[in-house]
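Observations on the three-dimensional arrangement
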Amino acid sequence: MAIKYWEFEDAALREKLKSPNVKEIAKIFFENETEAYRFGYLLLEVKRKKGLKLSDVSELPVATTKRYLDFAVQVGLLKHENNVYVFTDRYTKPFRNISVYIKEWMERDVDEDLSIEFANAKTGKQEKRGGRKAKMAIKDE
């Protein structure tokens, strides 16, 4: 998820609240214009129909629709019950608290060992899985 900086200062937020649009919401999560469009389109459909089934979407492929709607469920914008995606309010409270948590982490001067925190993470360089083969060095004979 690519949540980028968004203006949360009071004056800027008040201006944005005068005319909220789905583009601003989609751009918070996706920098890519196509991904933001797809996400925004699906959020708009959920808003218009007060609930959305996968079979109701004809403009996007079913697999793409499911992926974006499941992402919205994962971040807390939607909930999925009885094969219908609807808006939920799980999003506002946790997101408000995350800013306090991040600020507290930034202010504390504690050394953290990432190898302990992420014990199962792969930290080495990935092996090449495909693509062009590296040119062999020509040896002098």
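This text goes with the structure placed above it.
Here is a short report on the structure shown in this document. Model, not experiment: these values are computed from the prediction.

Next up on the list: the packing of helix α3 (residues 33-49) against helix α4 (residues 62-75). Between α3 and α4, the least distance of the axes is 10 Å, while the angle of their chain directions is 75 degrees. As far as their axial angle goes, α4 and α3 are roughly perpendicular. Listed contacts from α4 to E35, R38, F39, L42 and V46 of α3 are T64, T65, R67, Y68, L69, F71 and A72. For the contact of α3 with α4, a count of residues per class yields seven nonpolar, two polar and three charged.

Tallied over the full model, the rule gives seven aromatic pairs. Judged by centre distance (5.2 Å) and plane angle (55 degrees), the rings of F30 and F71 are tilted. A residue pair is termed long-range when its members are at least 10 positions apart, and F30 in the loop between α2 (22-29) and α3 and F71 in helix α4 qualify at 41 residues. Relative to F71, the ring of F39 lies with its centre 5.7 Å away and its plane at 70 degrees, an arrangement referred to as edge-to-face. Within this pair, whereas F39 is found in helix α3, its partner F71 is found in helix α4, the two being separated by 32 residues in sequence. For the pair shown, F39 and F71 are each scored as buried. Grouped by ring-pair contacts, the aromatic residues F29, F30, F39, Y68 and F71 constitute a single cluster.

Conventions we followed
Residues numbered from 1 in each chain as written. Predicted model: local features only at pLDDT ≥ 70, side-chain atom pairs only at ≥ 80, totals over all residues. Heavy atoms only, no water. Axes fitted to C-alpha atoms, helices over the stretch in contact; angles between N-to-C directions. Helix = DSSP H or I, 4+ residues; strand = E, 2+ residues; numbered from the N terminus. Parallel < 35°, antiparallel > 145°, perpendicular 65-115°, else oblique. Contact = heavy atoms within 4.5 Å. Nonpolar A, V, L, I, M, F, W, Y, C, P; charged D, E, K, R; others polar. Phe/Tyr/Trp six-rings, centres within 6.5 Å; stacked < 30°, edge-to-face > 60°. Buried < 20%, exposed > 50% of the residue type's maximum accessible area, 1.4 Å probe, protein only.

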